[in-house]
Every structure is written in structure tokens, then in C-alpha cells.
Amino acid sequence: MNIKELLLNGQSFSKLLNQFSIEADDVKIQDEDVLLADHKLEHQEIVKENICIEGKNKDGIVNFFGTLHYNLLNKLAVFEMHGFEQISKPQVC
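Quantities reported herein were computed from a predicted structural model and do not represent experimental measurements.

What counts and how
Residues numbered from 1 in each chain as written. Predicted model: local features only at pLDDT ≥ 70, side-chain atom pairs only at ≥ 80, totals over all residues. Heavy atoms only, no water. Core = buried A, V, L, I, M, F, W, Y, C linked by side-chain atoms within 4.5 Å. Buried < 20%, exposed > 50% of the residue type's maximum accessible area, 1.4 Å probe, protein only. Helix = DSSP H or I, 4+ residues; strand = E, 2+ residues; numbered from the N terminus. Contact = heavy atoms within 4.5 Å. Arc of directions from axis to C-beta.

Caption draft 1: How the structure looks around the nonpolar core. Residues Leu-7, Phe-13, Ile-53, Phe-64, Leu-68 and Phe-79 are the most contacted members of the largest nonpolar core, which totals 20 residues. Those elements that place two or more of their residues in this core are α1 (3-9), α2 (11-19), β1 (27-29), β2 (47-57), β3 (60-71) and β4 (76-88). Per-element tally for this core: the top contributor is β3, with four residues. Beyond its immediate sequence surroundings of up to four residues, Leu-7 is in contact with Phe-13, Ile-29, Ile-53, Leu-68, Ala-77, Val-78 and Phe-79.

Caption draft 2: Local environment of α2. Buried within α2 we find Phe-13, Leu-16 and Leu-17. Projected onto a plane normal to the axis of α2, the buried residues spread over an arc of 95° and lie on a single side. α2 presents Gln-11, Ser-12, Lys-15, Asn-18 and Gln-19 as exposed residues on the side facing more than 90 degrees away from its buried surface. Residues of α2 that are buried sit in contact with α1, β1, β2, β3 and β4. The positive-phi residue at the C-terminal boundary of α2 is Ser-21, with phi of around 55°.

Caption draft 3: The arrangement of unusual backbone geometry in detail. Backbone geometry at Ser-21 places phi at a positive 55°, although glycine is not the residue there. Along the chain, Ser-21 turns up in the loop between α2 and β1. Backbone geometry at Asp-31 places phi at a positive 60°, although glycine is not the residue there. Note on placement: Asp-31 falls in the loop between β1 and α3 (32-37). A relative accessible area of 54% places Asp-31 in the exposed class.

Geometric values such as these leave the question of function open.
Dropping the structure here:
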């Protein structure tokens, strides 16, 4: 199970996406494969990592910055948002 699926199991991350009109399919966790490949972390109970989550909506791209708290053994993940930036689509004349 990947981190995005774990986050989507909780209500708060889904509500965050709804606030910004972002569909779950349009979400990408940057460096997710690197986080999951770190074998030193796989047996720790709780791991905290600073991450960026990119989402796309009709207005452009939204980057969420914050701390990911996760436990792969218990299949739990929580995203604690510290800020975000909205990158608008370029205007076409």
C-alpha cells in the first residue's frame, strides 16, 4: 500500500483535497518511492518526514508543504500541513 492510499483512508486529507477541488487521481507525493525504499525506517513505529504533495485542479497546481507522520506496519498515515502555494495556469491569448 502506498502513502497516498494511506492518507486517503483518513477523512482529514480527503477534506483538504476537497477544499482545493483536487481529485485523488491528481495527487502526487514527491519522493514517495524514496521514502518507501528506506529499509532502515520500515521497522520503526512512527516515522516523520517533511514532504511536498502536489495536486492539480482546474486553476493549476497546488503544492502542500508539511510533515508526514506514518507507520507502514499499522498502515496509518497523517499529513500535517504547514503551508501551500498555488501555481496558476499560464494565460493563453
